[in-house]
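Now for the letters of each chain:
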Amino acid sequence: MRARRSSPSGKADVSLASQLRRSPPCTFLGQGFASMFSNRTSRKSISHPESGDPPTMAEGEGYRNPTEVQMSQLVLPCHTNHRGELSIGQLLKWIDTTACLSAERHAGCPCVTASMDDIYFDHTISVGQVVNIKAKVNRAFNSSMEVGIQVVSEDLCSEKQWSVCKALATFVAHRELSKVKLKQVIPLTEEEKTEHGVAAERRRMRLVYADTIKDLLTHCVIQDDLDKDCSNMVPAEKTRVESVELVLPPHANHQGNTFGGQIMAWMENVATIAASRLCHAHPTLKAIEMFHFRGPSQVGDRLVLKAIVNNAFKHSMEVGVCVEAYRQEAETQRRHINSAFMTFVVLDKDDQPQKLPWIRPQPGEGERRYREASARKKIRLDRKYLVSCKQAEVALSVPWDPSNQVYLSYYNVSSLKTLMAKDNWVLSVEISEVRLYILEEDFLSFHLEMVVNVDAAQVFQLLSDLRRRPEWDKHYRSVELVQQVDEDDAIYHVISPALSGNTKPQDFVILASRRKPCDNGDPYVIALRSVTLPTHHETPEYQRGETLCSGFCLWREGDQMTKVSYYNQATPGFLNYVTTNVSGLSSEFYNTFKACESFLLDNRNDLAPSLQTL
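In the nomenclature of an unreviewed UniProt entry, the protein is known as Acyl-coenzyme A thioesterase 11 of Mus musculus. Checking UniProt for the protein, the heading Function (unreviewed entry) contains the comment "Has an acyl-CoA thioesterase activity with a preference for the long chain fatty acyl-CoA thioesters hexadecanoyl-CoA/palmitoyl-CoA and tetradecanoyl-CoA/myristoyl-CoA which are the main substrates in the mitochondrial beta-oxidation pathway." For the record of the protein, the UniProt heading Pathway (unreviewed entry) holds the text "Lipid metabolism; fatty acid metabolism."

Structural data, given as structure tokens:
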């Protein structure tokens, strides 16, 4: 029987977590954890805006994000499809308008849509209901910003509300005569801090998305079913749609640029027609893969919209849509404006997906699109498992392979940043400037903190290489680099001594994801979590342990000073190691963290050449 839950973060993060094992276990009451530290000092605080701005309350009545924009629309028959449900195209227009107003409120100048991340539609909206859309800027970069959008439908008669979808859009500030440098967003609430921290990781994912698809097709075998029975196949060419739209003043903003939401609505229209030609029914749009605007269009442009069913699975189909623009009929070169992939299903009278015909791709480009659709489906399933579901539903050790590499790395870093952003950490004890905080929610977590006289880039370089961990942490007996995934991610095999009461040493397979600061004020991040590899199965020699979320966040505190924060999230299976001594800093906690400080001080001068790249 596997000892899966012997360590929450496993003893891995072996080190600091395993030190809790030596004292008698404490008892927790109720569905969560009964508070053991209600009389301790809370680290919960309210951040304040930059100097010169009036302080703003981050919690309670009266607080509202300064970039927040709300739109409420009554769904009229002119907004609906044949089923009396709100057209997704119309909803996309409203979403884009609300998000743009939020972006412009922050930027103080006109903004244009650069992209819209994947959208999953959980609920339809009927005529007579109200659509409530809320948008706010999560984070600003140089001239672009991420805007978070929430859509809720409301029945005015029953007062019931349903979540329809969430979306993330990227807008670019545009000023004709000068270059735009956006002011930073100051997050105040726990939610805002979380979204602000994770936005940088999402931006990183967007930039590598195209490479992710290419790598998956290159290194993985995609089950594309090209050899299936051809008797019930529909040629892809039968689903092809081409339509042209003339951009008129009502379709554009005051600068003459076409509204992104209008283009998205036109794209949804031609995609629906293509899907209908395959199923000979009225399809329902369930998901949209990222809209990416490659260039602007203006009033007077002709937009050519092309759609085709790329692949049909058992109960869903992917439709690819692209938009090209030209100005005059005599033009031979068309500008690629946008592209997206939309997933449709056909629902029966009980709202259950029906079986669809197979698609027969055309040779060449058609087969490429066919295989890429299969790759995108696999990525969607990986992402849904790793990112969308509740953390309690995710296995501690997730299988690692090239297809889920980007999203597993994202989940690793975002989990640590989410834990870091929590407001209700409670200071348990402080000894010689080493502080221990406790957090009791669905999982019991602890956080150690100290300030060292070493530059943050040096600390980052020393701690991000787990092979050096045994030099200061006796709970790391040996560390082997299994795979250097890329510059920022690596997989290690860790051996640690046996826990008290066990005869076998423990081993862990750990994904270490490191991130440099995106902006001034951001921390360096080293996130750790367990993965499984086919080359490193469990063996009788070791007891396999696991870590769900642990790692380091490193802040510059001035010249040659760094605040080192270590986080570790426990799971219920680890409670037998959580002891009453956690509320008083045990000598093992303290000694290990001080050993880390000595290690950093002793080795800080050995890294000068390598630090030039940080």
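1. Notes on the overall build of the protein
Secondary structure summary: the protein contains nine helices and 25 strands in total. Sequence-distant contacts in the protein: of pairs separated by 6 or more residues, those separated by 24 or more amount to 72%. Surface summary for the protein: the accessible area is close to 27,700 Å², and the carbon and sulfur share equals 50%.

2. Observations concerning a nonpolar patch on the surface
A cluster of nonpolar side chains, Leu-74, Leu-76 and Leu-156, forms an exposed patch at the surface whose accessible area comes to about 260 Å². By the element assignment, Leu-74 lies in strand β2 (residues 69–74).

3. Points about the packing of helix α2 (residues 88–107) against helix α5 (residues 260–279)
Look at α2 against α5: their axes get within 8 Å of each other, and the N-to-C directions meet at 165 degrees. One way to sum up the angle between α2 and α5 is to call them roughly antiparallel. Considering only the axes of α2 and α5, their crossing is right-handed. Contact residues: Ile-88, Gly-89, Leu-92, Lys-93 and Asp-96 in α2; Gly-260, Gly-261, Gln-262, Met-264, Ala-265 and Glu-268 in α5. Residue composition of the contact of α2 with α5, by class: four nonpolar, four polar and three charged.

4. Quick notes on the side chain of Asp-519
Assignment of secondary structure puts Asp-519 in the loop between β21 (506–515) and β22 (524–532). Take Asp-519: its relative accessible area is 19%, and that puts it in the buried class. Ignoring anything within four residues of it in the chain, the contact list for Asp-519 reads Arg-139, Ala-140, Phe-141 and Gln-184.

5. Quick look at the environment of Glu-192
Relative to the helices and strands, Glu-192 resides in helix α3 (residues 190–207). Distance in space between the C-alpha atoms of Glu-192 and Arg-139 is 9.1 Å, their sequence separation being 53 residues. Those residues in contact with Glu-192 that lie beyond four places of it in its chain are Tyr-63, Asn-65, Lys-136, Ile-186 and Pro-187. Polar contacts involving the side chain of Glu-192 include one to the main-chain amide nitrogen of Leu-188, which spans 2.8 Å.

Rules behind the numbers
Positions within a chain are numbered from 1, following the residues in the order the chain's sequence is written. At least 70 in pLDDT is required for a residue's local features to be given in this predicted model, at least 80 for side-chain atom pairs to be given and counted, and no such filter applies to totals for whole chains, interfaces and linings, which use all residues. Excluding hydrogens and water, the side-chain values take into account all heavy atoms of the structure. UniProt positions are given in the numbering used here, feature names are shortened, and annotations may be inferred rather than shown by experiment. What counts as a helix is a DSSP run of H or I of at least four residues, what counts as a strand is a run of E of at least two, and both are numbered from the N terminus. Should any heavy atoms of two residues lie within 4.5 Å, those residues are considered in contact. Note that accessible areas follow from Shrake-Rupley with a 1.4 Å probe, and for residues the cover is restricted to the protein chains shown. Put simply, a patch holds well-exposed residues, over 30% relative accessible area, that have no salt bridge, with like charges counted together within 9 Å and Val, Leu, Ile, Met, Phe, Trp or Tyr side chains within 5 Å. Throughout this description, the term salt bridge denotes a Lys or Arg side-chain nitrogen within 4 Å of a carboxyl oxygen of Asp or Glu. Axes here refer to lines fitted to C-alpha atoms; in helices the fit is confined to the stretch in contact. Angles between the N-to-C directions go from 0 to 180 degrees. Geometric relationships in this document are graded by angle, where less than 35 degrees denotes roughly parallel, more than 145 denotes roughly antiparallel, 65 to 115 denotes roughly perpendicular, and other angles denote oblique. The hand of a helix crossing depends on one turn: near helix anticlockwise from the far one by less than a right angle means left-handed, and clockwise means right-handed. Only Asp, Glu, Lys and Arg are considered charged, only Ala, Val, Leu, Ile, Met, Phe, Trp, Tyr, Cys and Pro nonpolar, and every remaining residue, Gly among them, polar. Burial classes: relative accessible area under 20% of the type maximum marks a residue as buried, over 50% as exposed, and values in between as partly exposed (1.4 Å probe, protein chains only). The term polar contact refers here to a pair of N or O atoms within 3.5 Å; inside protein, the definition further demands a hydrogen-donor-capable atom paired with an acceptor-capable atom, and it admits residues adjacent in sequence only when both atoms are side-chain atoms.

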